[in-house]
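Survey of secondary and tertiary structure
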Amino acid sequence: MSTRTLPLLFINLGGEMLYILDQRLRAQNIPADKAKKVMNDIITTMFNKKFLEELFKPQELYSKKALRTVFDRLAHASIMRLNQASMDKLYDLMTMAFKYQVLLCPRPKDILLVSFNHMDAIKDFVKDTPSILSQVDETYQQLIEMYTPLSNGEFQLIRQTLLIFFQDMHIRVSIFLKDKVQNSNGRFVLPTNGPVPRGTQIPGLIRIFSCSGEELTRLQFNNGGNYSSALREGSFEMFGNRITKLGTNMYSVSRPVETHMSGTSKSSAQHTKVNSAPNPLAKEELNLLARLMGGLEVQKPGSTDTGFRVNLFATDEEEEEALISRPNELSYGVISIQATKDQQANAELTKIMGEFTESGDPSSSASSKGDDLLAMMDGL
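Residues numbered from 1 in each chain as written. Predicted model: local features only at pLDDT ≥ 70, side-chain atom pairs only at ≥ 80, totals over all residues. Heavy atoms only, no water.

Angle between the axes and distance between the axes: these two values describe a pair of packed helices. Between helix H5 (residues 84-104) and helix H8 (residues 152-166), the shortest axis-to-axis distance is 10 Å and the interhelical angle comes to 140°. The angle between the axes of H5 and H8 places the two elements in the oblique class. Where H5 crosses over H8, the two elements pack in a sense that is left-handed. Contact residues: Thr-95, Phe-98, Lys-99, Val-102 and Leu-103 in H5; Arg-159, Leu-162, Leu-163 and Phe-166 in H8. Its residues assigned to classes, the contact of H5 with H8 shows six nonpolar, one polar and two charged. (Axes fitted to C-alpha atoms, helices over the stretch in contact; angles between N-to-C directions. Helix = DSSP H or I, 4+ residues; strand = E, 2+ residues; numbered from the N terminus. Parallel < 35°, antiparallel > 145°, perpendicular 65-115°, else oblique. Left-handed = near helix turned anticlockwise from the far one by under 90°. Contact = heavy atoms within 4.5 Å. Nonpolar A, V, L, I, M, F, W, Y, C, P; charged D, E, K, R; others polar.)

The structure is reproduced here in structure tokens:
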């Protein structure tokens, strides 16, 4: 597994989450001040310095359930609340959108341009809040320093790691189905037209050379597509034209977005169901997630701001129906555990838990959305 994949995965999924939430906040006519607070609070939490220090440390990807836990935490970092069905749908949209972008990247290195498009959009969300903007800019600089020196081979490893992570996810998304870029089984349709990757030529020519390097023969063949020459190089600087549209907001044109479980995805989910046998890496993964989550500063209950619920479905009835019909193995509920017992069993978690509650009242009860750190990590 690549040790440099996690920051890109987190930032791109986070960018997609912000696009979706922004669209839903507008669709539900949430007051502008509350909508802005939601976006600011989530972005502040995403780019918390302590959190990112842990995120950028060399490490392998961890389970889908652990990643989902992090984004559940982020989505509830403000006054907004999502029911489980809406959170499931949000996560489905995030993951499928980024999976499609990874598949469409002409070159593995273009994943970085996709990430920069997401970062550009995040900066735009907080352009009027200098303190948060500085957090985002600092992370931007870290991305440039870490990823721009990488070789093509290292980017290929990152791309393959991402595709392995997404390979069993085949959720049907209405936007993709309507645009005919996704089949009814949830698998994407890759185009056979458009610009070829930069540094390559349009397919259709075979050249045969002698041992001395002299060209002997040229053979033409039908490439089966409608390709064009490569576009100019996108900018890998903090400011510049990325050229690619991958990673930009596909929800800017208002239209309903639905997700559906395909028949094949439900079947494949049975094969990828979490094994009940003990996982020798479970302890390390818990420690990793504890360090990551220990850096998150999430609003505590009792705030003077009035919370509100966001529904990613057209009606509450649709939301309830989606929750009932979703396969259990693809949903992530909040699990109640004995926090005291787990704290005694793991000194590191006890320390992280202490850091986590420094900014608030440690005796505050956890909300149903998982404000108790240990409750969210149980069972990973």
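Still to come is the rest of the account.
Another point: the nonpolar core. In terms of nonpolar packing, the biggest core is built from 82 residues, with Leu-9, Phe-10, Met-17, Phe-71, Leu-90, Tyr-147 and Phe-176 touching the most fellow members. Looking at which element gives the most residues to this core, the answer is helix H1 (residues 6-27), with twelve residues. In this view, Tyr-147 contacts Arg-4, Thr-5, Pro-7, Leu-8, Leu-112, Phe-155 and Ile-158; residues no more than four positions away in its chain are not counted. (Core = buried A, V, L, I, M, F, W, Y, C linked by side-chain atoms within 4.5 Å. Buried < 20%, exposed > 50% of the residue type's maximum accessible area, 1.4 Å probe, protein only.)

What follows is about the packing of aromatic side chains. In the structure shown here, the tally under the stated rule is eight aromatic pairs. Both rings, one in Phe-98 and one in Phe-166, keep their centres 5.8 Å apart while their planes meet at 80°; by these two values the pair is edge-to-face. Pair noted here: Phe-98 is in helix H5 and Phe-166 is in helix H8, with a separation of 68 residues, a long-range link. The pair Phe-98 / Phe-166 is uniform in exposure class, with both members buried. The rings of Phe-10, Phe-51 and Phe-71 are connected pair by pair, giving a single aromatic cluster. Seen from the ring of Phe-165, Lys-64 lies directly overhead, with NZ or CZ sitting 5.0 Å from the centre. The ring of Phe-236 has Lys-109 lying over it, and the distance from NZ or CZ to the ring centre is 4.7 Å. (Phe/Tyr/Trp six-rings, centres within 6.5 Å; stacked < 30°, edge-to-face > 60°. Lys NZ or Arg CZ within 6 Å of the ring centre and 35° of its normal.)

A side chain with one charge can pair with a side chain of the opposite charge if their charged atoms come near. If you walk through the whole model with that rule in mind, you get 13 salt bridges. Notably, a salt bridge pairs Glu-215 with Arg-207, separated by 3.9 Å at the nearest N-O pair. Judged by relative accessible area, which is 38%, Arg-207 ranks as partly exposed. Here Arg-218 makes a salt bridge to Glu-215, at a shortest N to O gap of 2.4 Å. Given a relative accessible area of 31%, Glu-215 falls into the partly exposed group. (Salt bridge = Lys/Arg side-chain N within 4 Å of Asp/Glu carboxyl O.)

Moving on, we come to the environment of Ala-35. With respect to the helices and strands, Ala-35 occurs in helix H2 (residues 32-46). Since its relative accessible area comes to 14%, Ala-35 is described here as buried. Residues Ala-35 and Leu-21 lie 14 residues apart in sequence; the distance between their C-alpha atoms is 9.1 Å. Those residues in contact with Ala-35, other than ones at most four positions away along the chain, are Leu-25 and Ile-30.

Right, let's get into helix H4 (residues 64-75). When the terminal C-alpha atoms of H4 are compared, their 16 Å separation across twelve residues agrees well with the 16 Å that a helix rising 1.5 Å per residue should span. In terms of burial, H4 is a largely internal element, ten of the twelve residues being buried. Those residues of H4 lying buried are Ala-66, Leu-67, Arg-68, Thr-69, Val-70, Phe-71, Asp-72, Arg-73, Leu-74 and Ala-75. (Expected span 1.5 Å × (residues − 1).)

Estimates place the volume of the second largest pocket at around 820 Å³. Leu-104, Cys-105, Pro-106, Thr-244 and Leu-246 are the residues nearest the centre of the second largest pocket, which is lined by 35 residues in total. Those elements giving two or more residues to the lining of the second largest pocket turn out to be H5, helix H6 (110-125) and strand E3 (193-195). When residues in the lining of the second largest pocket are grouped by element, the largest group, five residues, is from H5. A per-class count over the lining of the second largest pocket returns 20 nonpolar, eight polar and seven charged. (1 Å grid on protein atoms, 1.4 Å probe; cavity = no way out; pocket = protein on both sides within 12 Å on 5 of 7 lines; lining within 4 Å. Points joined across faces, edges and corners; volume = space filled by probe spheres on them.)

Before going further, it helps to examine the packing of H1 against H2. At their nearest, the axes of H1 and H2 sit 11 Å apart, and the two run at 170° to each other. In this view, H1 runs roughly antiparallel relative to H2, as classed from their interaxial angle. On H2, the residues touching Phe-10, Gly-14, Met-17, Leu-18, Leu-21, Asp-22 and Leu-25 of H1 are Ala-35, Val-38, Met-39, Ile-42, Ile-43 and Met-46. Residues belonging to the contact of H1 with H2 are distributed by class as follows: eleven nonpolar, one polar and one charged.

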